[in-house]
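# Close look at the chain arrangement
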Amino acid sequence: MRQIQSFFHLFMREPLWFRMGVVISLLSSIVFSSSVFSLGGYSDSVSKLAAMIFFGAFGFNMRRNRRISFLFFAVSAACLYLSLDALP
């Protein structure tokens with residue numbers, strides 16, 4: 001429990017734009033990946049774009065550690081490719 005609290009405190013020390021971007025992109029990725037929304041076949045693409053923003057924000061935040069940042073940007077690029085591939 002103490003480790004979760006420390007992660008939460010570290011997250012709360014981040015800038016507001018980062019916190020809002022991460023929370024909104026994570027929630028929109030979860031919501032649009034469900035079958036409740038049918039945006040004419042675009043819901044899968046929107047979900048993957050939201051995941052791209054999520055991983056890109058963490059890659060930008062971790063830019064001091066080049067390996068971790070590169071890993072997040074690679075996953076972000078993979079999400080971008082999958083979102084473009086999922087377009088009808």
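Going by the structure above, here's the rest.
Summary of the structure given here. What you see is a predicted model; the values in this text were computed from it and never measured.

Let us now look at the overall build of the protein chain. Within the protein chain, the secondary structure is distributed over 4 helices and 0 strands. In sequence order, the secondary structure elements of the protein chain are arranged as α-α-α-α. A buried classification covers 25% of the 88 residues belonging to the protein chain.

As a further point, take helix H3 (residues 43-61). End to end, H3 covers 27 Å across 19 residues, agreeing with the expected 27 Å (1.5 Å per residue, within 8%). Listing the buried residues of H3 in full gives Ser-43, Ser-45, Ser-47, Ala-50, Ala-51, Met-52, Phe-54, Gly-56, Ala-57, Phe-58, Gly-59 and Asn-61. Looking at the buried positions of H3, the neighbouring elements they touch are helix H2 (16-33) and helix H4 (66-85).

Next up on the list: the nonpolar core. Judged by nonpolar contacts, Phe-18, Val-22, Phe-54, Ala-57 and Phe-58 together constitute the single largest core of 5 residues. Elements with a contribution of two residues or more to this core: H2 and H3. Residue contacts for Phe-18: discarding those within four places in its chain leaves Phe-11, Ala-57, Phe-58 and Asn-61.

What follows concerns the packing of H2 against H3. Where H2 contacts H3, the axes come no closer than 8 Å and their chain directions differ by 155 degrees. Considering their axes alone, H2 and H3 lie roughly antiparallel with respect to each other. Handedness of the crossing formed by H2 with H3: left-handed. Where H2 approaches H3, its residues Trp-17, Phe-18, Val-22, Ser-25, Leu-26, Ser-28, Ser-29, Phe-32 and Ser-33 are matched on the opposing element by Ser-43, Val-46, Ser-47, Ala-50, Ala-51, Ile-53, Phe-54, Ala-57, Phe-58, Phe-60 and Asn-61. Considering only residue class, the contact of H2 with H3 consists of 13 nonpolar, 7 polar and no charged.

What counts, and where the lines are drawn
Residues numbered from 1 in each chain as written. Predicted model: local features only at pLDDT ≥ 70, side-chain atom pairs only at ≥ 80, totals over all residues. Heavy atoms only, no water. Helix = DSSP H or I, 4+ residues; strand = E, 2+ residues; numbered from the N terminus. Buried < 20%, exposed > 50% of the residue type's maximum accessible area, 1.4 Å probe, protein only. Expected span 1.5 Å × (residues − 1). Contact = heavy atoms within 4.5 Å. Core = buried A, V, L, I, M, F, W, Y, C linked by side-chain atoms within 4.5 Å. Axes fitted to C-alpha atoms, helices over the stretch in contact; angles between N-to-C directions. Parallel < 35°, antiparallel > 145°, perpendicular 65-115°, else oblique. Left-handed = near helix turned anticlockwise from the far one by under 90°. Nonpolar A, V, L, I, M, F, W, Y, C, P; charged D, E, K, R; others polar.

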